[in-house]
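Reading the structure
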Amino acid sequence: MGNFGFQEMLFIGLVILLFFGGKKIPELMRGLGKGIREFNDAKNNVKREIEDGIKEKDNSTTGA
């Protein structure tokens, strides 16, 4: 599983083209890009909050 060859990718691309049409694909890709961007922003915010929490805990335990 997960080893897609050229023929499989071509078939998937044709199916997507049939379902959405040529005009809808750019909108679909734009939405997908926006969703990925929002996910990465949320992931970075969570990471930053965790790191800030660790720094605050270290500062409070050292008495600084």
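Residues numbered from 1 in each chain as written. Predicted model: local features only at pLDDT ≥ 70, side-chain atom pairs only at ≥ 80, totals over all residues. Heavy atoms only, no water.

**Concerning a negative patch on the surface**
This is how the line gets drawn: In this scheme, patches are assembled from residues that exceed 30% relative accessible area and form no salt bridge. Like charges are connected within 9 Å, while nonpolar side chains (Val, Leu, Ile, Met, Phe, Trp, Tyr) are connected within 5 Å. Accessibility throughout is a Shrake-Rupley quantity obtained with a 1.4 Å probe, and a residue counts as covered only by protein chains that appear here. For this document, the term salt bridge refers to a Lys or Arg side-chain nitrogen within 4 Å of an Asp or Glu carboxyl oxygen. Counted as positive: Lys and Arg. Counted as negative: Asp and Glu, with His and the chain ends omitted from the count. To locate a charge, the coordinates of NZ of Lys, CZ of Arg, CG of Asp or CD of Glu are taken. Strands here mean DSSP runs of E at least two residues long; helices mean DSSP runs of H or I at least four residues long; both are numbered from the N terminus. Summary of the burial criterion: residues with accessible area below 20% of their type's maximum are buried, those above 50% are exposed, and those between are partly exposed, where the area comes from a 1.4 Å probe applied to protein chains only.
A grouping of Glu49, Glu51, Asp52 and Glu56 is seen on the molecular surface, where their side chains present a negatively charged patch. Following the sequence through the fold, glutamate 49 ends up in helix α1 (residues 6-62). Judged by its relative accessible area of 58%, glutamate 49 falls in the exposed class.

**So, the environment of leucine 10**
Residue position: leucine 10 is located in helix α1. A relative accessible area of 45% places leucine 10 in the partly exposed class. Spatially, the C-alpha atom of leucine 10 lies 48 Å from that of isoleucine 54, the residues being 44 residues apart in sequence.

Note that every value here comes from positions in space, so none of it alone points to a role or purpose.
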